[in-house]
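Structural description and commentary
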Amino acid sequence: MSGFDDPGLFFSDPFGTDEQPQEERAARVQAKQGFRNFIREFSESNFHYRYREQLRRRYNVGQYWIEIEISDLSTYDEDLCARLLKQPSEYLPLFEDAAKEMADELTQPRPVGQELMQDVQVLLNWDANASNIRSLKSDQMSRLVRIPGIVINASSVRAKATSLTLQCRTCRTNINDIPVKPGLEGYTLPRSCNSDTQQLGKPKCPIDPFFIVPDKCKCVDFQVLKLQEAPDAVPNGEMPRHIEVYCDRYLVEKVVPGNRVTVVGIYSIRKGGGKPKRGEADKINVGIRRPYVRALGFTVETEGPGRSSAAPFTPIEEQRFRTLAAQPDIYHKVSKSIAPSIYGSEDIKRAIACLLFGGSRKRLPDGLTRRGDINLLLLGDPGTAKSQLLKFVEKVAPVGVYTSGKGSSAAGLTASIMRDPVSRNFVMEGGAMVLADGGVVCIDEFDKMKQDDRVAIHEAMEQQTISLAKAGITTTLNSRCSVLAAANSVFGRWDDTKGEENIDFMPTILSRFDMIFIVKDEHNEARDQTLARHVMRVHLHAAGRTRMEEAEGELGLGELKKFVKFCRNSCGPRLSAEAAEKLKSQYVLMRSGSREHELQTDKRSSIPITVRQLEAVVRIAESIAKMSMQPFATEVHVDEALRLFQVSTLDAALSGSLTGVEGFTPLEDQQEVQRCEQQLKSRFPVGSQVSEQRIVSDFMSKQFAERTIMTVIHVMLRRGELQHRLQRKVLLRVR
């Protein structure tokens, strides 16, 4: 019965010196040899040893990393590749050790002072089908995954120890080179000291005697990213999900917020960061861990100013697009391909085509830049397919972001400053105009935005930058994107008798739009019949309509998107000398007007064009030339650009729809409004009440136009000088 009450002895070794089984050690040695042979022996055609040359070239220039294609490893040794995919945490260190040994072999002899070998990081590139963040489950834990998304936040670069040196506070015993596992899991210090000094009669070391010696630790850089689902992968009605991505060494600062990336990494877990409340034991969350991805490689899908896809066009596609651009009617073919299910609006579709292709961005010798992106505003009645056009542009644009004015704030459109829940430092998150860098921002219900929020995008629309100076963060972000906005009248439907009262925008925001279209729902029996017939045809033949229209010469959605991307990346036209001379003469003519007409009518030209609108015409001409892949914008392109500007902004201003806007109010109208206001104030003392209809009829008898009288009343109401009473029938003079 001896020993029946012996509870046994259970212990754990905090220094990781547990022995491995003999079979596992043999498998690890065999795998390491297999990785070394793969780097040494894998060759492509013509005996080109790809990874051997890559490792030698990068190591000699101080870049201690190598990028491995998993498909190549599978071709060389399928069993070794399968073990790496199933147990990447176990086999990746062996791969890096093999790469280090191969680098030592390939770089002999090394210069004096560089005899010490550096660790080599192995980056993986995988062409397997990507998994969504929502599809990551517990059965994929500790396995290799490939997930796409958008980087919305990046922490600052910090240091993480790869090997620790500990020292006892009492006996000063050092424990050197304790390995620390990579990732966000830390290291738990041992609770007791087992040094030999206790046997020499010295006092016993207390509990928790160890502390870390920072000067003797080896560290690497690391960064934590916040990856969000791609917008097209989020189900309807669902919130986009996020996951943390841990990247270290040469993967640090490879991506910035706003990049669309595909991450290859190990799906890992870590202990939750929250601390238990005072008086509560942390026993409930013992077995619960938070997932994260330890990145082993990045593929940036959008990079550079144009945010083009990283996948290059094939030679066949390039030849097809160049043949398409050489067609003489490519401008009309592209404009017909813009939202073909929407009837009419030909000029608006041509303007949207110009917005998609954009002009040429110019950097001047003094360091200033001139934007090449075109901004477009659609103003008018409801039910005229403005929102459908915006949705179509979001699908076709290289990078498209759709937002609604009522649900958008200044921080959501530009950038926001938040406190990082882990480091408690202030971090910056980019908004819609930062994420759409190189694409198009579609803002619906633009008139429903608050005035302060609209002011926030002034800089982003003209200078194409967003400057921040908040919470100790002073920086400038790029927002090189076009803005396509849609808005309704103040009265719901457009009222031609109200003039400038239809528009509730400041002149500063209107002058930043290159083209402004007034979209009206006009009552025309012939047009209504044609429109109704078109809508019925769309609903009856919705399934086969796309194939029918493509056969008629229109481009499909995928083809148009690729063509837009190809032209934006491959062509940057400039104005020719003849076109510039013609545009200059037209600018002088539109600026000053006809001198003879002014002398005959004794009136100034109603609408002078400003320099900002002149640059808009230049951008429109360059975008039309870009569709046909021409290096210079000719006089034909300038004529079409002037016509588009004429039917949009100038026609809207000539019809009085933009009266009151900066640069669009005739001088004689201003003088008439001032005379009417003076007489109204002299005949309408403070504190008196008069019927609005009586004021209108009285002043019309004095040869004042009804529109002028209503303009004066509207202006005085906005100033607070008048107030409506008795169901808006009576006016009260307040001051």
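Scroll up a little and you will see the structure.
Residues numbered from 1 in each chain as written. Predicted model: local features only at pLDDT ≥ 70, side-chain atom pairs only at ≥ 80, totals over all residues. Heavy atoms only, no water.

Before going further, it helps to examine the overall build of the protein chain. Across its full length, the protein chain holds 24 helices and 28 strands. Residue burial in the protein chain is summarised as follows: out of 735 residues, 44% are buried. Within the protein chain, contacts between residues separated by at least 24 positions form 70% of all contacts whose residues are at least 6 apart in sequence. For the protein chain, the exposed surface amounts to about 39700 Å²; the carbon and sulfur share of it is 51%. (Helix = DSSP H or I, 4+ residues; strand = E, 2+ residues; numbered from the N terminus. Buried < 20%, exposed > 50% of the residue type's maximum accessible area, 1.4 Å probe, protein only. Contact = heavy atoms within 4.5 Å. Areas by Shrake-Rupley, 256 points an atom, 1.4 Å probe, with all protein chains shown as cover.)

Next up on the list: the nonpolar core. Core analysis: the biggest nonpolar cluster contains 56 residues, and Val-334, Leu-356, Leu-376 and Phe-563 have the highest contact counts within it. At eight residues, the largest contribution of residues to this core is made by helix α8 (residues 346-357). (Core = buried A, V, L, I, M, F, W, Y, C linked by side-chain atoms within 4.5 Å.)

Mapped onto the elements, His-534 comes out in helix α15 (residues 525-540). Between the C-alpha atom of His-534 and that of Tyr-343, which follows or precedes it by 191 residues, the distance is 6.9 Å.

Turning next to unusual backbone geometry. Note: most residues except glycine have negative phi, and most peptide bonds are trans. Look at Asp-208: it is not a glycine, yet its phi comes out positive at around 55°. Positionally, Asp-208 belongs in the loop between β5 (174-179) and β6 (210-212). Of note, Arg-249 is a non-glycine position whose phi angle comes to about 55°, a positive value. Among the structural elements, Arg-249 can be located in the loop between β8 (242-248) and β9 (260-271).

Within the open sheet, the three strands sit side by side as β26-β28-β27. Their pairing is antiparallel. Because the sheet does not close on itself, it has two edges, and the strands there are β26 (689-691) and β27 (722-725). Across the sheet, the axes of successive neighbouring strands diverge by a mean angle of 30°, strand direction being ignored. Relative to strand β28 (residues 730-733), β27 runs antiparallel, the two being bridged by four bridges. Looking across to β28, one finds that Arg-725 is bridged to Val-730. Its contacts with the sheet place helix α23 (residues 692-700) against β26, β27 and β28, and it is angled at close to 70° to β26. (Pairing = 2+ DSSP bridges. Axes fitted to C-alpha atoms, helices over the stretch in contact; angles between N-to-C directions.)

With that settled, the discussion passes to the state of the cysteines. The final tally for this structure, using the stated rule, is zero disulfides. Of all cysteine sulfurs in the structure, the one in Cys-168 sits closest to Cys-205, which takes part in no disulfide; the separation is 3.6 Å. (Disulfide = S-S within 2.5 Å.)

There is a patch of nonpolar side chains on the surface, built from Val-535, Met-536 and Leu-540 and spanning about 300 Å² of accessible area. Note on placement: Leu-540 falls in helix α15. (Patch = residues over 30% accessible without salt bridge, like charges linked within 9 Å, V, L, I, M, F, W, Y side chains within 5 Å. Salt bridge = Lys/Arg side-chain N within 4 Å of Asp/Glu carboxyl O.)

Turning our eyes to something else, we now look at helix α9 (residues 386-396). Every buried residue belonging to α9 is among Lys-386, Leu-389, Leu-390, Phe-392, Val-393 and Val-396, and all of these are buried. Projected onto a plane normal to the axis of α9, the buried residues spread over an arc of 160° and lie on a single side. In α9, the exposed positions that point more than 90 degrees away from the buried face belong to Gln-388 and Lys-395. The inward-facing, buried residues of α9 abut α8, β15 (376-380), β16 (400-404), β19 (440-444), β22 (482-488) and α17 (557-570). (Arc of directions from axis to C-beta.)

Let us now look at the pattern of salt bridges. Tallied over the full model, the rule gives 32 salt bridges. Its salt-bridge partner being Arg-83, residue Asp-79 comes within 3.4 Å of it at the nearest N-O pair. On the criterion of helical spacing, the pair formed by Asp-79 and Arg-83 is a turn pair, its members being four residues apart in helix α4 (residues 78-86). Its salt-bridge partner being Lys-582, residue Asp-639 comes within 2.6 Å of it at the nearest N-O pair. Placement of the pair is Asp-639 in helix α21 (residues 635-654) and Lys-582 in helix α18 (residues 577-592), with a sequence separation of 57 residues. Take Asp-639: its relative accessible area is 35%, and that puts it in the partly exposed class.

Time to look at the side chain of Lys-626. Its location among the elements puts Lys-626 in helix α20 (residues 611-627). When near neighbours in sequence (up to four residues on either side) are disregarded, Lys-626 contacts Phe-357, Gly-358, Gly-359, Cys-567, Arg-568, Cys-571 and Pro-573.

What follows concerns the packing of aromatic side chains. Under the definition given, this model contains 13 aromatic pairs. For the ring pair Phe-357 and Phe-563, a centre distance of 5.8 Å and an interplane angle of 70° mean the geometry is edge-to-face. Here Phe-563 lies in helix α17 and Phe-357 lies in helix α8, a separation of 206 residues in the sequence. The burial state of Phe-357 is the same as that of Phe-563; both residues are buried. Ring geometry for Phe-446 against Phe-513: centres 5.9 Å apart, planes inclined by 85°, an arrangement best described as edge-to-face. With Phe-446 in the loop between β19 and α12 (451-455) and Phe-513 in the loop between α14 (507-510) and β23 (515-519), this residue pair connects regions lying 67 residues apart in the sequence. The pair formed by Phe-446 and Phe-513 is uniform in burial state, with each residue classed as buried. Connected via pairs of aromatic rings, a cluster forms that spans Phe-35, Phe-38, Phe-42, Tyr-51, Tyr-76 and Phe-95. In this arrangement the basic side chain of Arg-52 is found over the ring face of Tyr-49, its NZ or CZ atom lying 4.0 Å from the centre. Looking at Lys-391, its charged tip hangs above the ring of Tyr-402, at a distance of 4.0 Å from the centre. (Phe/Tyr/Trp six-rings, centres within 6.5 Å; stacked < 30°, edge-to-face > 60°. Lys NZ or Arg CZ within 6 Å of the ring centre and 35° of its normal.)

Residues of α4 that are buried include every one of Leu-80, Cys-81 and Leu-84, and no others. Down the axis of α4, the sector holding all buried residues measures 100°, keeping them to one side. Of the exposed residues in α4, those oriented more than 90 degrees away from the buried face are Glu-78 and Lys-86. Packing partners of the buried residues in α4 comprise α1 (22-41), α3 (70-76) and α5 (88-106). At the N-terminal boundary of α4, the capping side chain belongs to Asp-77, with an oxygen 3.3 Å from the backbone nitrogen of Asp-79. (Polar contact = N/O pair within 3.5 Å; in protein donor to acceptor, adjacent residues only side chain to side chain.)

Here the focus is the packing of α8 against α20. Two elements in contact, α8 and α20, have axes whose closest approach is 8 Å; the angle formed by their N-to-C orientations is 80°. Compared by their axis directions, α8 and α20 come out roughly perpendicular. Here Ala-353, Cys-354 and Phe-357 of α8 lie close against α20, whose contacting residues are Ile-620, Ser-623, Ile-624, Lys-626 and Met-627. Counted by class, the contact of α8 with α20 contains six nonpolar, one polar and one charged residues. (Parallel < 35°, antiparallel > 145°, perpendicular 65-115°, else oblique. Nonpolar A, V, L, I, M, F, W, Y, C, P; charged D, E, K, R; others polar.)

At a minimum axis separation of 8 Å, α1 and α5 run at an interaxial angle of 50°. Our classification of the angle between α1 and α5 gives oblique. Along this stretch, α1 crosses α5, giving a crossing that reads as right-handed. Contacts between α1 and α5 involve Arg-28, Ala-31, Lys-32, Phe-35, Arg-36, Phe-38, Ile-39 and Arg-40 from the former and Glu-90, Tyr-91, Leu-94, Phe-95, Asp-97, Ala-98, Ala-99, Glu-101, Met-102 and Glu-105 from the latter. Looking at the contact of α1 with α5 residue by residue, the classes come out as ten nonpolar, no polar and eight charged. (Left-handed = near helix turned anticlockwise from the far one by under 90°.)

Within the fold, Met-102 resides in helix α5. Look at Met-102 and you get buried, because its relative accessible area is 0%. Those residues within four positions of Met-102 in sequence are excluded, and the remaining contacts are Arg-36, Ile-39, Arg-40 and Leu-55.

Turning to the side chain of Ser-360, a few remarks are in order. By the secondary structure assignment, Ser-360 is in the loop between α8 and β13 (362-363). You can call Ser-360 buried: its relative accessible area is 4%. At a separation of 2.7 Å, a polar atom in the side chain of Ser-360 contacts the main-chain carbonyl oxygen of Pro-573. Non-local contacts of Ser-360, meaning those with residues more than four positions away in its chain, are made with Arg-370, Arg-371, Gly-372, Gly-572, Pro-573, Arg-574 and Glu-622.

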